[in-house]
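One letter stands for each residue in the lines below.
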Amino acid sequence: MSLKGKVLFISGASRGIGLAIALRAAKDGGFIAIAAKTDTPHPKLPGTIHTAADEVRRAGGKALPLVCDIRNEEAIKSAIQKTVDTFGGIDIVVNNASAISLTDTQETSLKKFNLMSEINSRGTWLVTKHAIPHLIESGRKNRNPHILNLSPPLTLKEHWFKNHTAYTVAKFNMSLFVLGWAAEFRDNGVAANALWPLTAIETAVLNEIDPDYSYNTRSPEIMADAAHLILTKNSKEFSGNFVIDEIILREHGQTEFDHYATRPGVKDMTIDLYVDDEIINLAKTLQEAKSHKKSSKL
């Protein structure tokens, strides 16, 4: 299945993972609404909604750059209406916009707490709330509607909360929405799933958080390829899943991952937050199974 002609509304799509997902959809000929705050160049972060739109068009898609702060309900309603007026509807919502502060309770300011809550939790809910009528209409037309949250698999292991409780709660709220929406909209044929990386992903935001980081990262393209697999699945059959990028790619036959490494030749990647041992072991099992199958053929 292809995303050709499908309308995607992607929050935070001016850079990073959101932009990578937009560009992957553009290769199919998708129509992408780029909803983000950055209208003019940011002093520290690269990219604006306009540079992202140019990249989408060069990649083969249609683009609609939209200034949209998802903390503002009126801005969301306006952006969604402009998307519908321009492209005729909405088939896919990607809730990518997120705020992060990996600080403990005493070090997390109220401003940071509110920012994470308003973007990760409230903003994700608001975008989806106002997009849902159009997604339901997409379902009526059998256009395979999807909601995809960039959020982690749910876990109650306390070590994931210990050092950054506020951030963890804000991100897990996004995942809890997936559970609710999968059930709430199943009869409408609208899928809701979550996607999370197995390894740390190289983004400008990561560099800003920790300029001296020494993580072995992968590029956002691995998340884009995984997202494409999810968004091209049958929305009536694939919903309520917490997907890990490498695992879904391996399950669909991909065996080569070196091209995603941001440091050529490095294979020992830094595991991302919220990735428990059972997920790591599953990825290793899939890797070993493919290696065994390949050696058996030789």
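Please read all numbers here as calculations on a predicted model, not as lab measurements.

Q: Which parts of the structure should I look at to understand the side chain of Ser 151?
A: Residue placement: Ser 151 occurs in the loop between strand E5 (146-149) and helix H5 (159-162). One polar contact links Ser 151 to Ser 175, side chain to side chain, over a distance of 3.1 Å. Residues in contact with Ser 151, not counting those within four places in the same chain, are Lys 171, Met 174, Ser 175, Ala 194, Leu 195 and Trp 196.

Q: Please explain the pairing of strand E4 (residues 92-95) as it appears in this structure.
A: Where a strand is regular, its side chains alternate between the two sheet faces. Of the two faces of E4, the one holding Ile 92 and Val 94 and the one holding Val 93 and Asn 95 are both buried throughout. Two strands pair when backbone bridges link them, and strand E1 (residues 7-11) and E4 are joined in this way by three bridges, in the parallel orientation. Counted as the bridge partner of Leu 8 is Ile 92 from E4. Sheet analysis places E4 next to E5, joined by four bridges and oriented parallel. Along E5, the bridge assignment pairs Asn 95 with Asn 149.

Q: Got a minute to help me understand the sheet that holds E5 in this structure?
A: In a beta sheet, neighbouring strands are held together by backbone hydrogen bonds and run either parallel or antiparallel to one another. Reading across the sheet, the seven strands line up as E3-E2-E1-E4-E5-E6-E7 and stay open at both edges, with parallel pairing between neighbours. Lying at the two open borders of the sheet, with one neighbouring strand each, are strand E3 (62-67) and strand E7 (242-244). Ignoring strand direction, the axes of neighbouring strands in this sheet form an average angle of 20°. Note: strand E6 (residues 191-196) against E7, three bridges, orientation parallel. Across the sheet, the residue bridging to Ala 194 is Phe 242, located in E7.

Q: So what exactly am I meant to see when it comes to the environment of Pro 46 here?
A: Within the secondary structure, Pro 46 sits in the loop between strand E2 (31-36) and helix H2 (49-59). Taking the C-alpha atoms as reference points, Pro 46 and Gly 16, 30 residues apart in sequence, are found 9.3 Å from one another.

Q: So what exactly am I meant to see when it comes to a nonpolar patch on the surface here?
A: A cluster of nonpolar side chains, Leu 154, Leu 176 and Leu 179, forms an exposed patch at the surface whose accessible area comes to about 250 Å². Examined against the element boundaries, Leu 176 turns out to sit in helix H6 (residues 165-184).

Q: Explanation requested: the packing of helix H1 (residues 16-28) against helix H8 (residues 221-231) in the structure shown.
A: Between two packed helices, what matters for the description is the angle formed by their axes and the separation of those axes. At a minimum axis distance of 8 Å, the contact between H1 and H8 shows a crossing angle of 50°. Here H1 lies oblique to H8, going by the angle between them. Of the two elements, H1 crosses H8, and the hand of that crossing is right-handed. Residue-level contacts link Ile 17, Ala 20, Ile 21, Arg 24 and Asp 28 of H1 to Glu 221, Met 223, Ala 224, Asp 225, Ala 227 and His 228 of H8. Grouping the constituent residues of the contact of H1 with H8 by class yields six nonpolar, one polar and four charged.

Q: Help me understand the packing of aromatic side chains, please; the structure alone is not making it clear to me.
A: For any pair of aromatic rings, the description rests on two quantities: the centre-to-centre distance and the angle between the ring planes. Evaluation of the coordinates by the stated rule reveals eight aromatic pairs. By way of ring pairs, the aromatic residues Trp 160, Phe 161, Tyr 167, Phe 172, Trp 196 and Tyr 274 are connected into one cluster. In this structure, Lys 233 is placed above the aromatic ring of Phe 238, and the distance from its NZ or CZ to the ring centre is 5.0 Å.

Q: Sorry if this is basic, but what is going on with unusual backbone geometry here?
A: The phi angle of most residues is negative, glycine excepted, and most peptide bonds adopt the trans form. At Asn 144, a position not held by glycine, the phi torsion is positive, near 65°. In this fold, Asn 144 is placed in the loop between helix H4 (110-140) and E5. When its relative accessible area of 10% is taken as the criterion, Asn 144 is described as buried. Positioned with a positive phi, Tyr 274 is a non-glycine residue whose angle comes to about 70°. By secondary structure assignment, the location of Tyr 274 is in the loop between helix H9 (245-251) and helix H10 (277-297).

Q: Whenever I open this one, the pairing of E6 confuses me. Can you help?
A: For E6, the buried fraction is high: six of the six residues fall into the buried class. Because side chains alternate across E6, one face comprises the buried residues Ala 191, Asn 193 and Leu 195, and the other comprises Ala 192, Ala 194 and Trp 196, equally buried. The sheet contact formed by E5 and E6 spans four bridges and is parallel. What sits directly across from Ile 147, in E6, is Ala 192.

Rules behind the numbers
- Residues numbered from 1 in each chain as written.
- Predicted model: local features only at pLDDT ≥ 70, side-chain atom pairs only at ≥ 80, totals over all residues.
- Heavy atoms only, no water.
- Helix = DSSP H or I, 4+ residues; strand = E, 2+ residues; numbered from the N terminus.
- Polar contact = N/O pair within 3.5 Å; in protein donor to acceptor, adjacent residues only side chain to side chain.
- Contact = heavy atoms within 4.5 Å.
- Buried < 20%, exposed > 50% of the residue type's maximum accessible area, 1.4 Å probe, protein only.
- Pairing = 2+ DSSP bridges.
- Axes fitted to C-alpha atoms, helices over the stretch in contact; angles between N-to-C directions.
- Patch = residues over 30% accessible without salt bridge, like charges linked within 9 Å, V, L, I, M, F, W, Y side chains within 5 Å.
- Areas by Shrake-Rupley, 256 points an atom, 1.4 Å probe, with all protein chains shown as cover.
- Salt bridge = Lys/Arg side-chain N within 4 Å of Asp/Glu carboxyl O.
- Parallel < 35°, antiparallel > 145°, perpendicular 65-115°, else oblique.
- Left-handed = near helix turned anticlockwise from the far one by under 90°.
- Nonpolar A, V, L, I, M, F, W, Y, C, P; charged D, E, K, R; others polar.
- Phe/Tyr/Trp six-rings, centres within 6.5 Å; stacked < 30°, edge-to-face > 60°.
- Lys NZ or Arg CZ within 6 Å of the ring centre and 35° of its normal.

That's the geometry; what it means functionally is another story.
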